[in-house]
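Inside the fold
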Amino acid sequence: MAFGRRVGSICGLALGACLGLSASFTAHAETNGFDTAGFETWLQGVRTEARSRGISDKTIKLALSNVKPVHIVVKRDRNQPELKQTYARYLKSRLSDWRRKKGAEMMASHSDELKTIQKDYGVQGQVVAAIWGIETNYGTVPLSYSVFDAVATLAYDKRRGPRFRRELFAALEILDKGYAPYDEMKGSWAGAMGQPQFMPENYLKYAVDQDGDGKRDIWASSEDVFASIANFLKSNGYRSDEIWGRKVKLPKGGEQTLQGTQAAGLTPPAVCARYKSLGIWRNLQDWQALGVRRTNGADLPTRSIPAALVVGDEGDGEGYLVYGNFCSIMRYNPSFKYALAVGMLSDIIKD
Ligand SMILES: [Ca+2]
């Protein structure tokens, strides 16, 4: 237990340190708890299916000969911070002083590229930079896991097996088509690749060659990284004429009375339809009439925008009115806390 807490606290301070530390322990603990013979048999089935999908023998050999289950990958899959931490703790760690300061620097040094991305894809540069900052500390986190090891481990594991089996075939396709060389196919413990942390299927669907060198390089080209993030959001309903939402002050007792779905509301934006737990959608003016205000006590904007209320930790009198773009950000990682961290970081690094 002491070991687990120590790792957790380091992860909370800096994702990079967390990933590095985990990787260094992997060598000693990687196959604990795994049925190695069962994994090998399973892998034979993967090879057969890969051949039937048209993946070349050369690629199958290169990618799967040395693939091995990584125990800590499964352990981390069972213990994700989005599920365990309070809003206050999660947001504090994601909106660290380092990430705020570095984000402002990155907004300045990549200003021209981000402006072009905003023009081409209709996603504000600060939102692209905020996702980049939260995913990989603006591209500075060392990505130490083989995508094949990570994805194969989660495909073999029962919890999310079918989904990750698809990701494994997508990873093989990326290698087979020559989009990325084997040695560069590095990612996080969950197999998310490169600076924007794209899963292999999303890479195939959304990665963009923005700098025009013929490669969709989400590992080393900042233009490709930014365009890929923006293309992902745009393809998932992001609207250029709205922001993500805003932090608000709730009326006294509002945490209980304002939630719930009993009253007639608006139809949520299409991209939000799948997120039923966002509860009721109302126009900003209706939230205003119910006593919701900006954090400084001022009235809400008068513009008509459908919004849902996210109440973070109970009892602090605070909440967040979120708009359709919040749901586009959640397509990246389906957690209210994650999307709030991205939205709030984007506001901080904008100026
Ligand atoms: Ca490129």
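Please refer to the structure higher up on the page.
A brief look at the structure comes next. Being a predicted model, the structure only gives us computed values, none of them experimental.

Once that is clear, we can look at the coordination of the calcium ion. Here the calcium ion is held by the protein donor atoms Asp 209 (OD), Asp 211 (OD), Asp 213 (OD), Lys 215 (O), Asp 224 (OD) and Asp 224 (OD), which lie 2.2 to 3.1 Å from it. In this structure, the calcium ion is surrounded by six donor atoms whose angles at the metal cover 45 to 162°, and the resulting shape is irregular. Each donor residue of the calcium ion belongs to the same chain, and together they define the spacing D-x1-D-x1-D-x1-K-x8-D. Residue classification places Asp 213 among the partly exposed residues on the basis of a relative accessible area of 46%.

Under the criterion given, the structure shown has one disulfide. Each disulfide pairs two cysteine sulfurs, and for Cys 272 the partner residue is Cys 327, the sulfurs being separated by 2.1 Å. Linking Cys 272 and Cys 327, the disulfide has an S-S dihedral of approximately 105° and is accordingly described as right-handed. Taken together, the residues span a long stretch of sequence, with Cys 272 in the loop between α15 (254-257) and β4 (281-283) and Cys 327 in helix α17 (residues 324-330) at a distance of 55 residues.

Next up on the list: the pattern of salt bridges. Applying the stated criterion across every chain yields a total of 14 salt bridges. Ionic pairing is found between Glu 49 and Arg 53, a salt bridge with its closest N-O pair at 3.1 Å. A residue is classified by how much of its surface remains accessible, and Glu 49, at 25% relative accessible area, is partly exposed. For Asp 149, the salt bridge is made with Lys 68, and the minimal N-O distance between the two is 3.3 Å. Taken together, the positions of Asp 149 in helix α11 (residues 147-156) and Lys 68 in the loop between α4 (57-64) and α5 (71-77) put the pair 81 residues apart, joining distant regions of the chain. Residue Asp 149 is classed as buried on the basis of its relative accessible area, which comes to 9%. Residue classification places Lys 68 among the partly exposed positions, given a relative accessible area of 33%.

The buried fraction of strand β7 (residues 318-322) is high, at four of five residues. Judged from the five bridges that link them, strand β3 (residues 245-249) and β7 form a sheet pairing that is antiparallel. The residue bridging Arg 246 from the neighbouring strand is Leu 321, located in β7. Relative to β7, strand β6 (residues 306-310) runs antiparallel, the two being bridged by three bridges. Residue pairing for β7: Val 310 is matched across the bridge by Tyr 320.

Moving on, we get to the packing of helix α8 (residues 97-109) against helix α18 (residues 336-350). Where α8 contacts α18, the axes come no closer than 8 Å and their chain directions differ by 60°. What the angle tells us is that α8 and α18 run oblique. Read as a crossing pair, α8 and α18 show a hand that is right-handed. Across from Arg 99, Arg 100, Gly 103, Ala 104 and Met 107 in α8, the residues of α18 making contact are Leu 345, Ile 348 and Ile 349.

As a further point, take the sheet that holds β6. Taken in spatial order, the five strands make up an open sheet running β4-β6-β7-β3-β5, and their pairing is antiparallel. Two strands close off the open sheet at either side, each with one partner strand: β4 and β5 (293-294). In this structure, β3 lies alongside β5, joined through two bridges in antiparallel fashion. The residue of β5 that forms the bridge with Lys 249 is Arg 293. Against the sheet, α18 touches β3, β6 and β7, its axis set at about 80° to β7.

A few words on the layout of surface pockets. In this model, the second largest pocket occupies a volume close to 240 Å³. Taken together, Ile 243, Trp 244, Gly 245, Arg 246, Lys 247, Arg 294, Thr 295, Asn 296, Met 344, Asp 347 and Ile 348 form the lining of the second largest pocket. Among the secondary structure elements, those contributing two or more residues to the lining of the second largest pocket are β3 and α18. Within the lining of the second largest pocket, the residues separate by chemical class into four nonpolar, three polar and four charged.

Where α4 contacts helix α12 (residues 161-176), the axes come no closer than 10 Å and their chain directions differ by 115°. Crossing geometry of α4 relative to α12 is assigned as right-handed. Of the residues in α12, those touching α4 at Thr 59, Leu 62, Ala 63 and Leu 64 are Leu 168, Leu 172, Leu 175 and Asp 176. Residue composition of the contact of α4 with α12, grouped by class: six nonpolar, one polar and one charged.

With that out of the way, let us pick up the nonpolar core. One finds Leu 278 and Phe 326 to be the most contacted residues of the largest nonpolar core, which totals 91 residues. Per-element accounting of this core gives the leading share, nine residues, to α18. Apart from residues no more than four positions distant in its own chain, Phe 326 is found in contact with Trp 244, Leu 278, Val 310, Phe 336, Ala 339 and Leu 340. By size, the runner-up hydrophobic cluster in this structure holds 14 residues, among which are Leu 250, Val 292, Leu 300 and Ile 305.

Scoring rules and cut-offs
Residues numbered from 1 in each chain as written. Predicted model: local features only at pLDDT ≥ 70, side-chain atom pairs only at ≥ 80, totals over all residues. Heavy atoms only, no water. Donors = N, O, S within 2.8 Å, 3.2 Å for Na, K, Ca; no water. Tetrahedral: all angles 85-135°; square planar, octahedral: opposite > 155°, others 65-115°. Buried < 20%, exposed > 50% of the residue type's maximum accessible area, 1.4 Å probe, protein only. Disulfide = S-S within 2.5 Å. Helix = DSSP H or I, 4+ residues; strand = E, 2+ residues; numbered from the N terminus. Salt bridge = Lys/Arg side-chain N within 4 Å of Asp/Glu carboxyl O. Pairing = 2+ DSSP bridges. Axes fitted to C-alpha atoms, helices over the stretch in contact; angles between N-to-C directions. Parallel < 35°, antiparallel > 145°, perpendicular 65-115°, else oblique. Left-handed = near helix turned anticlockwise from the far one by under 90°. Contact = heavy atoms within 4.5 Å. 1 Å grid on protein atoms, 1.4 Å probe; cavity = no way out; pocket = protein on both sides within 12 Å on 5 of 7 lines; lining within 4 Å. Points joined across faces, edges and corners; volume = space filled by probe spheres on them. Nonpolar A, V, L, I, M, F, W, Y, C, P; charged D, E, K, R; others polar. Core = buried A, V, L, I, M, F, W, Y, C linked by side-chain atoms within 4.5 Å.

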